[in-house]
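One letter stands for each residue in the lines below.
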Amino acid sequence: MALTTAPNPTPRATDTVRARADRRGPGGARRREGLAGYVFLSPWLVGLMAITAIPMLLSLYLSFTSYDVLTPWSEVEWVGLDNYRRMFTDDPSFWHAVRVTLSFALIAVPLKLAAALGVALLLNRTWRGVGLFRGLFYLPSLLGGSVALAIVWVNMFNRDGAFNSLLSLVGIEGRPWVNDPDWALETLMVLAIWQFGAPMVIFLAGLKQVPTELYEAAAVDGAGPVRQFLRITLPMLSPVIFFNLVLETINGFQGFTSAFVLSNGTGGPVDSTLMYTLNLYIKGFVELEMGYASAMAWVFLLAIALITIVLFRTGRFWVHYSDEEDR
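Q: Looking at this structure, how should I read the packing of aromatic side chains?
A: Geometrically, a pair of aromatic rings is defined through the distance of the ring centres and the angle of the planes. Scanning the model with the defined rule gives 22 aromatic pairs in all. Each ring, one from Phe-64 and one from Tyr-84, has its centre 5.6 Å from the other, and the planes form 45 degrees; the classification is tilted. You can see Phe-64 sitting in the loop between α2 (26-62) and β1 (65-66) and its partner Tyr-84 sitting in helix α3 (residues 82-89), a full 20 residues away along the chain. Accessibility expressed as a relative area gives 21% for Phe-64, which makes it partly exposed. Note on Tyr-84: relative accessible area 16%, which makes it buried. Taken together, the ring pairs in this structure connect Trp-153, Phe-157, Phe-163, Trp-177, Trp-183 and Trp-194 into an aromatic cluster. A cation over a ring is seen here: Arg-86 above Tyr-292, with NZ or CZ 3.9 Å from the ring centre. Positioned over the ring face of Trp-177 is Arg-175, at 5.6 Å from the centre of the ring.

Q: What is the right way to read helix α11 (residues 225-253) from this model?
A: Residues three or four positions apart in an α-helix share a direction because the helix packs 3.6 residues into each turn. In this model, α11 (29 residues) spans only 35 Å end to end at C-alpha, well below the 42 Å of a helix rising 1.5 Å per residue. Ser-238 marks where α11 bends most, by close to 55 degrees; the proline Pro-239 follows one to four residues later.

Q: What's the story with the pattern of salt bridges in this structure? I'm lost.
A: When their charged atoms lie close together, side chains carrying opposite charge are able to pair. Under the defined criterion, the tally for this structure stands at five salt bridges. Glu-248 serves as the salt-bridge partner of Lys-112, at 2.8 Å between the closest nitrogen and oxygen. Of this pair, Lys-112 sits in helix α4 (residues 92-123) while Glu-248 sits in helix α11; the two residues are 136 residues apart in sequence, bridging distant segments of the chain. Just as Lys-112 is buried, Glu-248 falls in that class too.

Q: What is the right way to read the packing of α11 against helix α14 (residues 290-315) from this model?
A: For any two helices packed against each other, one specifies the inter-axial angle together with the distance between the axes. Packing of α11 against α14 leaves a shortest axis separation of 11 Å and a crossing angle of 160 degrees. Regarding the angle of α11 to α14, the classification is roughly antiparallel. The crossing of α11 and α14 is right-handed. Facing α11, whose interface residues are Phe-242, Leu-245, Val-246, Thr-249, Ile-250 and Phe-253, α14 presents Phe-300, Ile-304, Ile-307, Thr-308, Leu-311, Phe-312 and Gly-315. Class assignment for the residues of the contact of α11 with α14 results in 10 nonpolar, three polar and no charged.

The rules behind each value
- Residues numbered from 1 in each chain as written.
- Predicted model: local features only at pLDDT ≥ 70, side-chain atom pairs only at ≥ 80, totals over all residues.
- Heavy atoms only, no water.
- Phe/Tyr/Trp six-rings, centres within 6.5 Å; stacked < 30°, edge-to-face > 60°.
- Helix = DSSP H or I, 4+ residues; strand = E, 2+ residues; numbered from the N terminus.
- Buried < 20%, exposed > 50% of the residue type's maximum accessible area, 1.4 Å probe, protein only.
- Lys NZ or Arg CZ within 6 Å of the ring centre and 35° of its normal.
- Expected span 1.5 Å × (residues − 1).
- Bend = angle between axes of the 7 residues up to and from the residue.
- Salt bridge = Lys/Arg side-chain N within 4 Å of Asp/Glu carboxyl O.
- Axes fitted to C-alpha atoms, helices over the stretch in contact; angles between N-to-C directions.
- Parallel < 35°, antiparallel > 145°, perpendicular 65-115°, else oblique.
- Left-handed = near helix turned anticlockwise from the far one by under 90°.
- Contact = heavy atoms within 4.5 Å.
- Nonpolar A, V, L, I, M, F, W, Y, C, P; charged D, E, K, R; others polar.

Structure representation (structure tokens):
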């Protein structure tokens with residue numbers, strides 16, 4: 001029986017097979033995976049461009065123009081830096097809104113973090129029902145900056161509200177807190193502080209990571225609860241404190257809904273609740289100065305970015321990371 005052998009493939013056929021193998025090899029698989037990744041990312045990329053990037057660039061352009069929403073695009077007037085010059089030199093409401101916002105953030109944010117940390121320390125236990133209390137304390141944060149919550153808060157602190165009813169039980173005469181220029185902003189601060197659930201949960205997670213051996217060693221050395229808190233808890237929680245501080249500072253400067261509802265969109269009474277974002281809204285959507293409002297928005301963005309940079313720069317002096325010794 002004669003044996004036959006298959007003919008050797010021609011060089012051209014060999015090159016074709018190799019080319020197909022290359023296309024189907026690891027490089028081709030990576031390209032297909034990359035293409036699939038971009039396909040799945042395409043909704044997010046479209047949203048980023050259509051909802052965020054393009055509107056931001058458009059608002060940057062409008063900040064150098066005199067534009068209102070009723071003016072056709074063909075009639076937009078370029079004014080250069082006039083909006084920024086007016087903002088810093090010829091608009092008292094701008095600086096008043098800056099003062100109100102700074103007062104709100106500088107008071108409400110530290111008190112909110114202190115309340116969150118204090119409750120987290122109380123709830124960092126294993127006794128029965130602690131999970132229910134954690135959920136109840138977190139519940140206000142789920143409501144967030146909702147309009148319904150702001151309406152309820154206004155009704156609680158008006159002259160006939162629940163807060164004055166409680167004061168009358170102990171013989172204290174109430175007042176129309178939300179209509180009093182001396183107290184209207186403070187009621188918004190109390191609302192912001194009451195919503196401490198989100199940072200509280202983050203503090204709880206940080207407390208769970210503190211080694212119990214540190215407290216046991218400190219107790220053996222005679223350190224009491226206060227000394228343990230100052231020497232162990234705070235240093236070990238400093239990264240978590242820093243994280244909450246950055247987030248809550250940004251949120252504090254962005255307060256809008258409660259001030260809008262309390263003042264019916266005017267910043268009253270007597271501009272006592274005229275937050276920066278509310279003033280920006282009034283300029284853009286009430287007075288229809290969209291170009292000027294865009295300039296205010298960009299100044300606001302740069303201010304928050306500067307504050308964040310300052311927090312990160314100063315954080316290196318007081319934030320302690322447990323793995324620093326290993327670096």
